[in-house]
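Coordinate inspection notes
Listed below are the residues making up each chain.
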Amino acid sequence: TNGAGFITGSAGKVLQVVHAQTMGTFGGGGTSFQSTANSLSITPSASNSKIFVSMQGGDCYAAYGASGGMAIFRGGTKLSGNTANIGGQYFTPEYVYGQVRAPVSMQCLDSPNTTSSVTYTLHIKSFGGTIYLMAGNTSSMNIVLMEIGA
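Predicted model, so just to flag it, every value in this text is computed and none were measured.

**Section: the overall build of the chain**
The secondary structure content of the chain amounts to zero helices and 11 strands. Starting at the N terminus, the α and β elements of the chain follow one another as β-β-β-β-β-β-β-β-β-β-β. Counting across all 150 residues of the chain, residues that qualify as buried make up 39%. Within the chain, contacts between residues at least 6 apart in sequence are counted, and of these 82% link residues at least 24 apart. Of the roughly 7500 Å² of accessible surface on the chain, 51% is carried by carbon and sulfur atoms.

Here it is in structure tokens:
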């Protein structure tokens, strides 16, 4: 702080914001997380910065009897979710004409410890059956990356 008690420096301040609207679709199965085309990159200005990642919008659904999960990845590292099998968002349908659509809503806070470009991507996996992300839909996903000073 300065002599008057005000906080000085860049700690906790938003240093930069990167935004994109993406329309990457996915349809299929597979028991491991698979990358979608929904990604965005940012180059941190300091190695001790944190990156707040937000992915909102679009829709996902599973065919009747199927279920799936989604997670945010930085490269090959899963950032959201608490186990190897479940991502940050789990979805399963109820029987209403065979499908229920749900919006994607995921956030995480990352410490990439680099000043090189880092890419955040939405990954999706099936726990059985066919799952879809924005398939046959004109909606888009908003991805926001915010660099927060340490």
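On we go from here.
**As for the side chain of aspartate 110**
Relative to the assigned elements, aspartate 110 resides in strand β8 (residues 102–110). On the basis of relative accessibility, which here comes to 5%, the residue aspartate 110 falls in the buried class. One polar contact links aspartate 110 to tyrosine 120, side chain to side chain, over a distance of 2.7 Å. If we ignore the near neighbours within four places in the chain, the residues touching aspartate 110 are Ser49, Lys50, Ile51, Arg74, Leu79 and Tyr120.

**Quick word on the packing of aromatic side chains**
Scanning all chains against the criterion turns up one aromatic pair. Taking the ring centre of phenylalanine 33 as reference, the NZ or CZ of lysine 125 above it sits at 5.1 Å.

**A look at the nonpolar core**
Of all hydrophobic cores here, the largest spans 25 residues; its most connected members are Val53, Met55, Met70, Tyr120, Leu133, Met141 and Leu145. For this core, the secondary-structure elements that each account for two or more residues are β3 (34–42), β4 (50–62), β5 (68–74), β8, β9 (118–126), β10 (131–133) and β11 (141–148). With five residues, β4 is the single largest residue contributor to this core. Residue contacts for valine 53: discarding those within four places in its chain leaves Ile72, Met106, Gln107, Cys108, Tyr120, Val144 and Leu145.

**As for the confidence of the model for the chain**
Mean pLDDT over the chain works out to 79, with 76% of the residues at or above the 70 mark. By mean pLDDT, the top-scoring element of the chain is β11 (94), and the lowest-scoring one is strand β7 (residues 89–91) (61).

**Here we look at the environment of threonine 114**
Within the secondary structure, threonine 114 is located in the loop between β8 and β9. Each C-alpha atom of the pair threonine 114 and alanine 46 lies 7.1 Å from the other, and the pair is 68 residues apart in sequence. Leaving out residues up to four positions away in the same chain, threonine 114 has contacts with Pro44, Ala46 and Ser47. Here serine 116 takes part through its backbone nitrogen, which lies 3.0 Å from a polar atom of the side chain of threonine 114.

**Some words on the environment of serine 111**
Within the secondary structure, serine 111 is located in the loop between β8 and β9. With 59 residues separating them in the primary sequence, serine 111 and phenylalanine 52 have C-alpha atoms 9.0 Å apart. Apart from the residues lying within four places of it in its own chain, the contact partners of serine 111 are Ser49, Lys50 and Arg74. Engagement of the side chain of serine 111 in a polar contact is seen with the side chain of lysine 50, the distance being 3.0 Å.

Rules of the game
Residues numbered from 1 in each chain as written. Predicted model: local features only at pLDDT ≥ 70, side-chain atom pairs only at ≥ 80, totals over all residues. Heavy atoms only, no water. Helix = DSSP H or I, 4+ residues; strand = E, 2+ residues; numbered from the N terminus. Buried < 20%, exposed > 50% of the residue type's maximum accessible area, 1.4 Å probe, protein only. Contact = heavy atoms within 4.5 Å. Areas by Shrake-Rupley, 256 points an atom, 1.4 Å probe, with all protein chains shown as cover. Polar contact = N/O pair within 3.5 Å; in protein donor to acceptor, adjacent residues only side chain to side chain. Phe/Tyr/Trp six-rings, centres within 6.5 Å; stacked < 30°, edge-to-face > 60°. Lys NZ or Arg CZ within 6 Å of the ring centre and 35° of its normal. Core = buried A, V, L, I, M, F, W, Y, C linked by side-chain atoms within 4.5 Å. pLDDT = per-residue confidence, 0-100.

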